[in-house]
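Chain residues, written in single-letter form:
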Amino acid sequence: MNRGFLFARAIFWINVTTHTSAGARHFSPTATFVVNKSKNTRTTRKSRRFQTSASAADTIGNMSSTSPSSSYSYVDIGANLLDDMYQGNYRGKERHEADLPSVLERAWENNLERIIITAGTLSEAKDALKLARTDHRLFCTAGVHPTRCSSEFGDTEDSWNAYMEELKDIIQDGSVDGKIVAMGELGLDYARLHFCDVETQKKGLRRQLDLAKEVQLPLFLHNRDTGSDLLDILKEYYAEDSTRPGGVVHSFDDTLELAQQFMDLGLYIGINGCSLKTQDNLDVVKEIPLDKLMIETDCPWCDIRATHAGSHHIQTKFSTKTEKKYEAGCCVKGRYEPCHIQQVAEVIAGVKKISVEEVARASKENAYSLFQKMVSA
């Protein structure tokens, strides 16, 4: 997507309906691209007119960050660009006009080379693919988040089979132009069992692993408070065939021992702000080899806050306003963006006592090695 398109006077009609407690949505086929997703929240929104105005273009010159100039670039392996916050909606309240085009422009201005849009449901996979096709630097995943398995797959074996067939169709569509680069976000999450029980999560994981094997996609994995359960299932998966595409355990915030066991399977470890909150987190990150590390924002979530253990390593600051005092050209407090990938790299560099460039280069090389469809784009 070129800048002229981003800031042209384009009008998009987006019709949104909510159908699950986990936040999956459908979009009108008339939408040029889709820009909404929430994490396990219920929001009902009326159809509304989304307009990218010339005034937005006028503010681009004011999109500034205070940081050392750099000649290196980044790959953000996990960005929730479909989230409602990029439509100006926070916890069900409309605070400002949709500003995803400005968010993306800010990313490109701050040395983002590739961004992977994460999806957690069938409808999100469709929406993510539409959005990814608007710019050669955007890619996406396709899969079902563990907390959505109950609401997405249904109650019968027939509904599970039909869902998996449709997911396969989407992946095959996205494989034509290489826009879908991973299966995910799949995995296990025992911290939010009120959304989905353990056995249903495990069934959803195994079904998606079977599909990943068939379509030969790497894995974008979610793991929260599961002990060794995810590890044990993945050991079985790779024991069957060690040549299967690898994967990344994203947003890792567990122990060094578990990280090492994942790495022993050939998996990468994804680090974002949620991986850098405590001193224990930093001690783990310090020991992860660069050739096994990838960086991500998981935006709009996982912002690095002043109370976090590694925040003093941050060099790059962005002009920021609260959602209630939104100002075009500024970031929103508490809403992370792909441009904040620099802060993640700076904290990692500080902890490891190496340069930011080393972190950016290693992570990018690892991302291109795993998600090979991005290389030729």
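Residues numbered from 1 in each chain as written. Predicted model: local features only at pLDDT ≥ 70, side-chain atom pairs only at ≥ 80, totals over all residues. Heavy atoms only, no water.

## Concerning the nonpolar core
In step 1: Membership of the largest hydrophobic core comes to 82 residues, with the highest contact counts inside it found for Leu81, Leu219 and Phe262.
In step 2: It is helix H11 (residues 341–352) that provides the largest number of residues to this core, a total of 7 residues. (Core = buried A, V, L, I, M, F, W, Y, C linked by side-chain atoms within 4.5 Å. Buried < 20%, exposed > 50% of the residue type's maximum accessible area, 1.4 Å probe, protein only. Helix = DSSP H or I, 4+ residues; strand = E, 2+ residues; numbered from the N terminus.)

## Side note on the state of the cysteines
In step 1: In the structure shown here, the tally under the stated rule is 1 disulfide.
In step 2: Here Cys274 engages in a disulfide with Cys302; their sulfurs sit 2.3 Å apart. Because the torsion about its S-S bond is -95°, the bridge between Cys274 and Cys302 counts as left-handed. Of the two residues, Cys274 is situated in the loop between strand E14 (268–271) and helix H10 (279–287) and Cys302 in the loop between strand E15 (293–295) and strand E16 (317–318); the sequence distance between them amounts to 28 residues. Of the two residues, Cys274 and Cys302, neither departs from the other in class, the shared state being buried.
In step 3: The thiol sulfur of Cys149 is not disulfide-bonded, and the nearest other cysteine sulfur, from Cys196, lies at 4.9 Å.
In step 4: By relative accessible area, which is 1% here, Cys149 ends up buried. (Disulfide = S-S within 2.5 Å.)

## Quick word on the packing of helix H8 (residues 229–240) against helix H9 (residues 256–264)
In step 1: Two elements in contact, H8 and H9, have axes whose closest approach is 10 Å; the angle formed by their N-to-C orientations is 15°. Accordingly, the angle class assigned to the pair H8 and H9 is roughly parallel. The handedness of the crossing between H8 and H9 comes out as left-handed. For the pair H8 and H9, contact is made by Leu230, Leu231, Leu234 and Lys235 and by Leu258, Gln261 and Phe262, respectively.
In step 2: Of the residues contributing to the contact of H8 with H9, the split by class is 5 nonpolar, 1 polar and 1 charged. (Axes fitted to C-alpha atoms, helices over the stretch in contact; angles between N-to-C directions. Parallel < 35°, antiparallel > 145°, perpendicular 65-115°, else oblique. Left-handed = near helix turned anticlockwise from the far one by under 90°. Contact = heavy atoms within 4.5 Å. Nonpolar A, V, L, I, M, F, W, Y, C, P; charged D, E, K, R; others polar.)

## Points about helix H3 (residues 100–109)
In step 1: Counting buried positions along H3 gives 9 out of 10 residues, so the element sits mostly inside the fold.
In step 2: Those residues of H3 lying buried are Leu100, Pro101, Ser102, Val103, Leu104, Glu105, Arg106, Ala107 and Trp108.
In step 3: Immediately downstream of H3, the backbone of Asn111 shows phi near 70°, a positive value.

## Quick look at the pairing of strand E11 (residues 180–189)
In step 1: For E11, the tally of buried residues reaches 10 of 10 residues, placing the bulk of the element in the interior.
In step 2: Where strand E10 (residues 138–142) lies against E11, 3 bridges are found, and the strand directions are parallel. For Cys140, the partnering residue across the bridge sits in E11 and is Ile180.
In step 3: Relative to strand E12 (residues 219–224), E11 runs parallel, the two sharing 5 bridges. Considered in E12, the bridge of Met183 is made with Leu219.
In step 4: After leaving E11, the chain enters helix H7 (residues 198–215) and then returns to the sheet as E12, a path that is right-handed. (Pairing = 2+ DSSP bridges. Right-handed = clockwise from strand over helix to strand, strands pointing away.)

## Notes on the confidence of the model for the chain
In step 1: With 81% of its residues at a pLDDT of 70 or more, the chain has an overall mean of 86.
In step 2: Note that residues 1–64 has pLDDT below 50 and, in this model, 174 contacts with residues that lie over four places away or in other chains. (pLDDT = per-residue confidence, 0-100.)

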